[in-house]
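Okay, here's what each chain looks like letter by letter:
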Amino acid sequence: MFKPVSTQVDFVKQEHEILDLWERIDAFAALKRLRAKAPRWSFIDGPITANNPMGVHHGWGRAYKDLFHRFKAMQGYQTRYQNGFDCQGLWVEVNVERELGFNSKREIEEFGLANFLTRCKQQVLKYSAVQTEQSMRLGYWMDWNDPDFLRDLYEKIGQDPSQEITVDGPLGEVTGSVEWVVGHLGMPELGGSYFTFSDENNYTIWSVIKSCEERGWVYKGRDVMPWCTRCGTGLSQHEIVTEGYQELTHPSITLRFPLIDKKGESLLVWTTTPWTLTSNVAAAVGPDLEYVKVRQGEEYFYLSEGTLKMLKGEYEVVERLKGTAMEGWRYAGPFDELPAQQDLGGPEAHRVILWDEVGQEEGTGIVHIAPGCGAEDFRLSKEHDLPVIAPLNGDGYFVEGFDWLTALNVKEVAEPIFKNLAEKGLRYKVEDYTHRYPVCWRCREELVFHLVDEWYISMGEQLDKPYSEVTEEEKVANLRYQMMEVVKEDTHWHPSFGLERELDWLRNMHDWMISKKRYYGLALPIWECDSCGNFDVIGSKEELRDRAVEGWEEFEGHSPHRPHIDAVKIACSNCGEVTSRIPDVGNPWLDAGVVAMSTLRYNSDRSYWEEWFPADLITESFPGQFRNWFYSLIAMSTILERRAPFRNVFTYATLLDEEGRAMHKSWGNMIEFNEAADKMGVDVMRWLYINHKPEKDLMFGYHRADEARRRFMIPLWNVYAFFVTYANIDGWKPVKGQQPDYAELDRWILARLNQLVSEVTRRLENFEPDRATETVEAFIDDLSNWYLRRSRRRFWAKAGLDEASDADKNAAYTTLYQVLVTLSRILAPFTPFVVETMHQNLVRTVDEGAPESVHHCEWPVPVKAWSDQNLIDEMALVQALVSMGHAARNAANRKLRQPLAEAAFRVPGSSQEATIRKYDELIRDELNVKKVRLLDTATEAIEYRLKALPKQLGQKYGAKYPAIRQAVDRLEPESAAEKLIAGETIEVDVEGETFTLEPDEVEVRVEAHRGFAAVAEGPYVAALDTELSEALVLEGLAREFVRRVQELRKQADFNVDDQIEVSYNASERLAEAIERHKDYIQGETIAVNLEASSSLAGEHRAEDTFEDEQLEFAVRRIPS
RNA sequence: GGGCCUUUAGCUCAGUUGGUUAGAGCGUUCCUCUGAUAAGGGAAAGGUCUCAGGUUCGAAUCCUGAAAGGCCCA
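Reading guide: rules and limits
- Residues numbered from 1 in each chain as written.
- Chains lettered and ligands numbered in written order.
- Predicted model: local features only at pLDDT ≥ 70, side-chain atom pairs only at ≥ 80, totals over all residues.
- Heavy atoms only, no water.
- Helix = DSSP H or I, 4+ residues; strand = E, 2+ residues; numbered from the N terminus.
- Rg over C-alpha atoms; globule rule 2.2 N^0.38 Å.
- Buried < 20%, exposed > 50% of the residue type's maximum accessible area, 1.4 Å probe, protein only.
- Contact = heavy atoms within 4.5 Å.
- Areas by Shrake-Rupley, 256 points an atom, 1.4 Å probe, with all protein chains shown as cover.
- Lys, Arg positive; Asp, Glu negative; His and termini not counted.
- Charge placed at Lys NZ, Arg CZ, Asp CG, Glu CD.
- Near = heavy atom within 4 Å.
- Polar contact = N/O pair within 3.5 Å; in protein donor to acceptor, adjacent residues only side chain to side chain.
- Nonpolar A, V, L, I, M, F, W, Y, C, P; charged D, E, K, R; others polar.
- Pairing = 2+ DSSP bridges.
- Axes fitted to C-alpha atoms, helices over the stretch in contact; angles between N-to-C directions.
- Phe/Tyr/Trp six-rings, centres within 6.5 Å; stacked < 30°, edge-to-face > 60°.
- Core = buried A, V, L, I, M, F, W, Y, C linked by side-chain atoms within 4.5 Å.
- Expected span 1.5 Å × (residues − 1).
- pLDDT = per-residue confidence, 0-100.
- Parallel < 35°, antiparallel > 145°, perpendicular 65-115°, else oblique.
- Left-handed = near helix turned anticlockwise from the far one by under 90°.
- Salt bridge = Lys/Arg side-chain N within 4 Å of Asp/Glu carboxyl O.

## Some thoughts on the overall build of chain A
Here's step 1: Each helix and strand counted, chain A has 38 helices and 44 strands in total.
Here's step 2: Relative to a compact globule of 1120 residues, whose C-alpha radius of gyration would be 32 Å, chain A shows 40 Å and is clearly more extended.
Here's step 3: With respect to the three principal axes, the spread of C-alpha positions in chain A is 115 × 85 × 65 Å.
Here's step 4: For chain A, the residues scored as buried account for 56% of the 1120 residues in total.
Here's step 5: Considering only intrachain contacts with a sequence separation of at least 6, the fraction spanning at least 24 residues in chain A is 73%.
Here's step 6: Summing over all exposed atoms, chain A offers an accessible surface of approximately 48,100 Å²; the carbon and sulfur share of this is 45%.
Here's step 7: In chain A, the 128 positive side-chain charges and the 185 negative ones have mean positions that sit 2 Å from each other.

Spelled out as structure tokens, the structure:
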């Protein structure tokens, strides 16, 4: 006996029961034991930032990750189940600052770096616990840490990082300080997720940087970069993302740069960043632009012709000249009186330079150049040997040397500068200007450009030749081309355009800025000597210990983070001076990029690394990752091994709300993961995710979820519920190894099942999970709306009356059982919960030796004996013909309940005619007709049309095709059609040339004569006899009556096998119909009694009028 | 300015190596079926396949250019 199954099911509640079950039987650990010796399939997880609860967009990626893991595990592989958390970097700092109410770096320093570090680690522990719970709720099977364990570490590290604790690990008990334990999360002795703040991760990055340094790829560079004054840090090329720009309005100024050698004449210059004028050194013009000299009153101005409209008031053009003509003109700068200008030689340097990038879209066509305040400006200063004046410190205040501006914040100087310029007579006009301006993507502060020293890894020169001509010698010296090499040769991208995108990024990638002027993150292993300028890179903890000259004791026992690491000093390898580590921390993409090495124990257990490297799969969302994780992952594995870290990368797009907008908390359209899980159910969520074409943005929401549930979950569940309901009524159980005498329909659905198994396997192996779900949905439709609907009566048949019927019924049960069991396995990677419910009930209740979980089962393979393409084709024809028959009924306005005398078909070819005869009974039943036959094409219902097929004839005769087609149209269709049907060729004459056309080159179409209840499609016709005899009418009425009794049974909530008594009172013709078809009605409604009576017996009653007949009736359940 | 992607029904999307009647789901309207089904079936309405050229007997599909949108870079 199976556990009864209701069609009214609470999927969410059921999912929680399954989670409990998995925990109770420790299902995941059992799976790992089962696959412990199996061949490997390697997965490397892209770390999720452990800084917030998960959003539904994380669910998307995790659904894929779990899908492929489960699929591969069922195929018999042991896989790598390590989740990753991204733990270091500015985003964690920003959130901790927010919690502590800090607004500047100074407050962090006052708070103390050691305390701040602990807070940051706590932040990560807190949210990794939350995300772990959420991922488990999604059904994502990974080597999770117990969330309570993470929370316990959160508490303890907050109390005292140095206190000693003992914890259980996979290899036994482990004892150490809390800080040590936290720093070893994810390591073999502790297991669980990897955390990028682990000691191993940090030290492995050291070895990467060391390896770069040995090849001369590490250098300190000076650059002007986008800078957040609040965070006190630059934003690298990696980080300025879409949201890095905002529409903002700023006051812009147009001002005079008086020309020294032309009295009374000035350049007109425009800027939206007045603070940069303090550091102006040059003015740039476009060499090929047209410039004009205009007179306004007593003054003469120069500007480009295309920007004349910006002038206020009347003007007169007095001269035209090319930009090149202005090169070298000297001018007086707007702030030449400032000491900073004087000291660095600004006034002497001021001149007009040429720059191709100058345009006329805005401003005056003359661009003010301040190399200390802009990236392009800085580049130009190198080209033209201009002084670099940098006005701001890292917090956005003017530095010494700027007189009255010194110590003012950059945000408050615009107005005073305008005033100052007006007093000096340089101001021309001030206007508000709206533009897209870069902001800090973490704190939304407006960015400025700031001159700063940063550390870089050289990507290598961009050579002026195609990749194919780069020599091995050049590659050895050049990281860029090594990375392109491993990507081209060893990686596969899904979708495939990912490869092009990644290569494009690599071709154009600038040197990788790896430093950050912050506190919490990788301690860059660079010790720089103040006295000789040399720097040393340390490649490991051991190397540091060996070279330490002071501070080692203070550091030992701590994780390699600030402030403890900063205590360690080494002797400069060049001059022997005691040197300190640079204060910078690392770019967080170093942390994420190294995991293909660190988490595979590259430095600690090389044989393990060799077994699992490279990953068979990585998968992440593609916006951003080409230049972030994919890039850094490839970079680090290329640096160390010159190998690709993964074979396949599966990427997907962006998750949006149902209206197609990005989800934002502040917009109120954000859906919390937990809320979604408990409203939709995670099986539905997962189906929604996986069913979507990955490279397209996914619009996610409750309506979509309802649709997915209706389209997929409910039909699946209903088939399952149907099976269990009737199997229980009959006490049916599967018998192992039994080969029942399958009916045609059974063999058909089993053949379709085989098809499904092959197709889903192929799709998953090709990384096309969305196509796999399409295949499943089509199958479930066939199963539910054809197989089961057509088979219902076989299940209803009364048991024990007749041997043939019992055998047939057993075949039907066996078939449906096999389908459901196989389906539960096919679907296990997609919707792991609902299929576990099915497995437990269908399989475990009848076979205690069966796998404890559906997820321990093996992936289905097609059963050879079940394959039957011919049968599938036949059934497809039958389905199509039935569909046409329904259409014909509809056109003739004959509803299905009314039996008709006959349906007649025309099909091309004798084998299809045989199919009609073979499925005679099915078609009759489906269309409710008494007889099915073939149309006599000569006399009945149809006429022929010929169609010269373009594909065949076009390819064969090319340009002659149109004429041939016309000739075919002119043929007498009946006789030509007869020939073609008989398999003979026909001939057409075109301009004196005779063409012989094969039967497969001309399609014979048929059309129904007007006035027939017939539908034609291509070569097919379905026609109905719509004449109604009295007998047919009465039978129709009987069916109407049955329908109404069934309706009442349902309303009365009787069981499907309850016996009933019916009494009725009907008008004359209806009463006759009921009387004549009494047996049929009783059989259909399980009525032991059917009596005409003026007084109705039974508490459930109904009355109705239809087809001009009156009816009242009552039903009563007979107690069993 | 450069790279990649997208543009097909009211909405969301399919559309195989080019083949002449461009499909599905949802939504709307009408009809219908139901002994598992908040299901199912049939039909109607709804398309200048973003635009302009080109190649071809034939273009949603290939080529060129343009426009709009997205992602990335400069």
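That covers the picture; the talk isn't over yet.
## Some details on the protein's contact with RNA strand B
Here's step 1: As a matter of local geometry, RNA strand B sits amid 50 residues, with Arg 627, Lys 693, Trp 796, Pro 950 and Arg 1005 nearest to it.
Here's step 2: The sugar-phosphate backbone supplies 58% of the atoms of RNA strand B found within 4 Å of the protein.
Here's step 3: At a separation of 3.4 Å, a base oxygen of RNA strand B approaches a polar backbone atom of Gln 955.
Here's step 4: Between RNA strand B and Gly 958 there is a distance of 3.4 Å, counted from a base nitrogen to a backbone nitrogen or oxygen.
Here's step 5: For the surface near RNA strand B, the secondary structure elements donating two or more residues are α16 (497-508), α25 (702-730), α27 (769-796), α30 (869-892), α33 (950-957), α34 (961-970), α36 (1030-1051) and α38 (1078-1085).
Here's step 6: Counted by class, the surface near RNA strand B contains 15 nonpolar, 14 polar and 21 charged residues.

## Description of the environment of Lys 65
Here's step 1: Checked against the element boundaries, Lys 65 lands in helix α3 (residues 56-74).
Here's step 2: For Lys 65, a relative accessible area of 4% corresponds to the buried category.
Here's step 3: Along the chain, Lys 65 and Pro 829 lie 764 residues apart, while their C-alpha atoms are 9.9 Å from each other.
Here's step 4: What Lys 65 contacts, discounting residues up to four positions off in sequence, is Phe 43, Asp 45, Gly 46, Tyr 140, Thr 619 and Glu 620.

## Remarks on the sheet that holds strand β17 (residues 366-369)
Here's step 1: Strand order in the open sheet made by the three strands is β16-β12-β17, with mixed pairing throughout. The strands lining the two open edges of the sheet, one partner per strand, are β16 (352-354) and β17. Adjacent strand axes in the sheet meet at a mean angle of 35°, parallel and antiparallel pairs treated alike.
Here's step 2: Relative to β16, strand β12 (residues 282-285) runs parallel, the two sharing three bridges. When the bridges of β16 are listed, Ala 283 appears paired with Val 352.

## As for the packing of aromatic side chains
Here's step 1: Tallied over the entire structure, the rule returns 54 aromatic pairs.
Here's step 2: Measuring from ring centre to ring centre gives 5.5 Å for Tyr 140 and Trp 144, while their planes differ by 75°; the resulting arrangement is edge-to-face.
Here's step 3: Taking relative accessible area as the criterion, Tyr 140 reaches 1% and is therefore assigned buried.
Here's step 4: Ring geometry for Phe 795 and Tyr 813: centres 4.9 Å apart, planes at 80°, overall edge-to-face. Within this pair, whereas Phe 795 is found in helix α27, its partner Tyr 813 is found in helix α28 (residues 803-826), the two being separated by 18 residues in sequence.
Here's step 5: The class for Tyr 813 is buried, based on a relative accessible area of 1%.

## Considering the pairing of strand β5 (residues 164-169)
Here's step 1: Burial along β5 is one-sided: Ile 165, Val 167 and Gly 169 are buried, and none of Glu 164, Thr 166 and Asp 168, which face the opposite way, are.
Here's step 2: In this structure, the hairpin formed by β5 and strand β6 (residues 172-177) is closed by a connection of two residues.

## Things to note about the nonpolar core
Here's step 1: Core analysis: the largest hydrophobic core is formed by 238 residues, its most contacted members being Leu 544, Met 685, Tyr 689, Phe 700, Phe 723, Leu 816 and Leu 842.
Here's step 2: The element that contributes the greatest number of residues to this core is α25, accounting for 14 residues.
Here's step 3: Contact partners of Tyr 689, with chain neighbours within four places excluded, come to Val 56, Gly 59, Trp 60, Ala 63, Tyr 64, Leu 655, Leu 698 and Phe 700.
Here's step 4: Grouped together as the second largest cluster of nonpolar side chains are 51 residues, Leu 255, Met 326, Phe 335 and Leu 380 included.

## With respect to helix α9 (residues 199-214)
Here's step 1: A rise of 1.5 Å per residue sets the reference length of α9, with its 16 residues, at 22 Å; its end C-alpha atoms lie 23 Å apart and thus fit the reference within 8%.
Here's step 2: For α9, the tally of buried residues reaches 14 of 16 residues, placing the bulk of the element in the interior.
Here's step 3: Where α9 terminates, the next one or two residues include Gly 216, which has phi positive at roughly 75°.

## Notes on the confidence of the model for chain A
Here's step 1: This prediction gives chain A a mean pLDDT of 89; 98% of its residues lie at or above 70.
Here's step 2: Both scores are available for the predicted complex, with the pTM at 0.88 and the ipTM at 0.89.

## Here's the deal with the packing of α25 against α28
Here's step 1: Contact geometry for α25 and α28: axes closest at 11 Å, N-to-C directions at 140°. Judged by the inter-axis angle, α25 sits oblique to α28. Remark: the crossing between α25 and α28 carries left-handed chirality. Residues Leu 716, Val 719, Tyr 720, Phe 722, Phe 723, Tyr 726, Ala 727 and Asp 730 of α25 form the contact with α28, whose participating residues are Lys 809, Tyr 813, Leu 816, Tyr 817, Leu 820 and Leu 823.
Here's step 2: Grouping the amino acids of the contact of α25 with α28 by side-chain chemistry returns 12 nonpolar, no polar and two charged.

## Side note on the environment of Leu 499
Here's step 1: Here Leu 499 is to be found in helix α16.
Here's step 2: Residue class for Leu 499 comes out partly exposed when judged on its relative accessible area of 24%.
Here's step 3: Residues Leu 499 and Val 487, spaced 12 residues apart in sequence, show a C-alpha to C-alpha distance of 7.7 Å.

## Details of the side chain of Glu 97
Here's step 1: Within the secondary structure, Glu 97 is located in helix α4 (residues 90-100).
Here's step 2: Once residues lying within four places of it in the same chain are set aside, the contact partners of Glu 97 are Phe 102, Ser 104, Ile 108, Phe 116, Arg 230 and Arg 518.

## A few points about the side chain of Asp 66
Here's step 1: Locating Asp 66 in the fold gives a position in helix α3.
Here's step 2: Leaving out residues up to four positions away in the same chain, Asp 66 has contacts with Gly 139, Tyr 140, Trp 141, Arg 686 and Pro 832.

## Here we look at the sheet that holds strand β42 (residues 1087-1092)
Here's step 1: The four strands lie next to each other as β42-β41-β44-β43, forming an open sheet whose pairing is mixed. With one partner strand each, in any of the chains shown, β42 and β43 (1100-1106) form the two edges of the open sheet. This sheet shows a mean twist of 20° between the axes of neighbouring strands, independent of strand direction.
Here's step 2: Direction of pairing for strand β41 (residues 1060-1066) relative to strand β44 (residues 1109-1117): antiparallel, over a ladder of seven bridges. When the bridges of β44 are listed, Ala 1066 appears paired with Leu 1111.
Here's step 3: Across the sheet, α36 lies against β41, β42, β43 and β44, angled at about 40° from β44, the strand it touches most.
Here's step 4: Packing against the sheet, helix α37 (residues 1068-1076) makes contact with β41, β42, β43 and β44, and its axis sits at approximately 150° to β41.

## Brief notes about the pattern of salt bridges
Here's step 1: Summed over the entire model, instances satisfying the criterion amount to 79 salt bridges.
Here's step 2: For the salt bridge of Glu 759 with Arg 763, the shortest nitrogen-to-oxygen distance reads 3.4 Å. Here Arg 763 and Glu 759 lie together in helix α26 (residues 744-765), a separation of four residues that amounts to about one turn.
Here's step 3: In this structure Glu 759 comes out as partly exposed when scored by relative accessible area, which is 22%.
Here's step 4: For Glu 1001, the salt bridge goes to Lys 956, with nearest N and O atoms at 2.8 Å.

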